[in-house]
Amino acid sequence: MPPPSTETAPLGRPLLLLNLKVYPGSLGPAAERVARYLEELGRAAGVSVAIAPATPDLGRVAAAVEIPVLAQHVDPMSPGAHTGFVPAESIAAAGGRGSLVNHSEHPIRPALVAAVVTRLGEAGLAAVVCAPTPPVARRLARYGAPYLAIEPPELIGGDRAVSTARPEVITETVESVRAVAPSTSVLCGAGVHRSADVRRALELGARGILVASAVTRAPSPRAAIEELLAGF
Ligand code: G3P
């Protein structure tokens, strides 16, 4: 089977995607600072990188860097009389390039995942659909998102990396997703901290990683990003 064409990976591949979540040290100006480190170090390493700041910081980060800036969640409705929701168009208008969908810390009903992936596509944005297990990954991959991130919730935020603690989760997801959506790039996340964790994930067939606390809780976010990039 020929390798998927690159346009099926609008954020690049292999990809380091940094989710800032809403960690206290990653809000406001700190989000911009970390995004600039990520852009500088990703460019120097020749690795595709992207960042998902807290929603209120998305516009300021997108104005500060050229790398893709993603939302951590979008809502399925179209723009209109909706209060406090985040339609895909508002992310595009702020300079965003995509969004996480169904992250285990912000899960949505499976039927809504398809709607959100469609709405993101209509707005010209890349969907990174998240799944907690390989069977769920297989089901959600049918919606044709360019990226599918497998993250065992029990490892999120911990110091055991999915690629060393649960390697079979990555290989099962890569095989499952390839069977239903061969152009979708599988990312993996949860507990990834070291370059060896990244290298192992790529050896297992992942096309990138989704990471948070290795950087957001690091004494030196810059050094933490360098460590991760060394694994690509
Ligand atoms: O979105 C990525 C995140 O859920 C992984 O968290 O802290 O284990 O890298 P962490």
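Residues numbered from 1 in each chain as written. Predicted model: local features only at pLDDT ≥ 70, side-chain atom pairs only at ≥ 80, totals over all residues. Heavy atoms only, no water.

K.L.:
Looking at this structure, how should I read the environment of Leu18?
P.N.:
Relative to the helices and strands, Leu18 resides in strand β1 (residues 15-19). On a C-alpha basis, the gap between Leu18 and Ala161 in space is 15 Å, while along the polypeptide they are 143 residues apart. Not counting the four nearest positions on each side in its chain, Leu18 is found in contact with Val34, Leu38, Ala50, Ile51, Ala52, Val211, Ala212 and Val215. (Helix = DSSP H or I, 4+ residues; strand = E, 2+ residues; numbered from the N terminus. Contact = heavy atoms within 4.5 Å.)

K.L.:
Would you explain the site of the ligand in this entry?
P.N.:
Looking at the ligand, the residues that line it are Asn19, Lys21, His103, Glu151, Ile156, Gly157, Ala190, Gly191, Leu210, Val211, Ala212 and Ser213. Glu151 is positioned such that a nitrogen or oxygen atom in its side chain is 3.1 Å from an oxygen atom of the ligand. A distance of 2.5 Å separates an oxygen atom of the ligand from a polar atom in the side chain of Ser213. Here the ligand has 310 Å² of accessible area as a free molecule, and 100% of this is covered by the chains. In this structure the site holding the ligand corresponds to the largest cavity. For the shell around the ligand, the residue count by class is 5 nonpolar, 5 polar and 2 charged. (Near = heavy atom within 4 Å. Polar contact = N/O pair within 3.5 Å; in protein donor to acceptor, adjacent residues only side chain to side chain. Areas by Shrake-Rupley, 256 points an atom, 1.4 Å probe, with all protein chains shown as cover. 1 Å grid on protein atoms, 1.4 Å probe; cavity = no way out; pocket = protein on both sides within 12 Å on 5 of 7 lines; lining within 4 Å. Sits in = over half its atoms within 2 Å of the grid points. Nonpolar A, V, L, I, M, F, W, Y, C, P; charged D, E, K, R; others polar.)

K.L.:
I keep staring at the pattern of salt bridges and nothing clicks. Help me out?
P.N.:
Oppositely charged side chains are able to pair whenever their charged atoms sit close together. Scanning the model with the defined rule gives 11 salt bridges in all. Between Glu89 and Arg119 there is a salt bridge, with its nearest N and O atoms 2.6 Å apart. Within this pair, whereas Glu89 is found in helix α3 (residues 88-93), its partner Arg119 is found in helix α4 (residues 110-122), the two being separated by 30 residues in sequence. The exposure class of Glu89 is partly exposed, given its relative accessible area of 28%. Two residues, Glu154 and Arg166, come together in a salt bridge whose shortest N-O distance is 2.7 Å. Of the two residues, Glu154 sits in the loop between β6 (147-150) and α6 (162-165) while Arg166 sits in the loop between α6 and α7 (167-180), which places them 12 residues apart along the sequence. (Salt bridge = Lys/Arg side-chain N within 4 Å of Asp/Glu carboxyl O. Buried < 20%, exposed > 50% of the residue type's maximum accessible area, 1.4 Å probe, protein only.)

K.L.:
Where do I start with α4 in this structure?
P.N.:
Residues spaced three or four apart along an α-helix face the same direction, because each turn holds 3.6 residues. The end-to-end C-alpha separation of α4 is 19 Å, in line with the 18 Å expected for 13 residues at 1.5 Å each. Here α4 has its buried residues at Val113, Val116, Val117, Arg119 and Leu120. The arc enclosing the buried residues of α4, seen along the axis, measures out at 165°, which places them on a common side. Looking at α4, the residues exposed on the side facing more than 90 degrees away from the buried face are Ala111 and Glu122. Count one or two residues on from α4 and you reach Gly124, which has phi positive near 75°. (Expected span 1.5 Å × (residues − 1). Arc of directions from axis to C-beta.)

K.L.:
Teacher, can you tell me more about empty space enclosed by the protein here?
P.N.:
It is a probe the size of a water molecule, rolled over the atoms, that shows where empty space is left. Overall, the coordinates contain 1 cavity of 30 Å³ or more when judged by the stated rule. The calculated volume of the largest cavity comes to roughly 110 Å³. For the largest cavity, the lining is made up of 15 residues, of which Ala190, Gly191, Val211, Ala212 and Ser213 are closest to its centre. Looking at the lining of the largest cavity, the elements with two or more residues in it are β8 (208-211) and α9 (213-216). Residues of the lining of the largest cavity, tallied by class, amount to 7 nonpolar, 6 polar and 2 charged. (Points joined across faces, edges and corners; volume = space filled by probe spheres on them.)

K.L.:
What is the right way to read the environment of Val177 from this model?
P.N.:
For Val177, the position within the fold is in helix α7. Residues Val177 and Met77 lie 100 residues apart in sequence; the distance between their C-alpha atoms is 27 Å. Leave out the neighbours within four places in its chain, and Val177 touches Ala137, Ala141, Leu148, Pro182, Thr184 and Val186.

K.L.:
I'm lost on the sheet that holds β1 in this one. Help?
P.N.:
Sheet strands associate in pairs through backbone hydrogen bonding, adopting either a parallel or an antiparallel arrangement. Spatially, the 8 strands line up as an open sheet ordered β2-β1-β8-β7-β6-β5-β4-β3, and their pairing is parallel. In the strand order of this sheet, the two ends are held by β2 (48-52) and β3 (70-71), each with one partner. Taken together, the 4 bridges between β6 and strand β7 (residues 185-189) define a ladder with parallel strand orientation. Within β7, the residue paired with Ala149 across the bridge is Leu187. (Pairing = 2+ DSSP bridges.)

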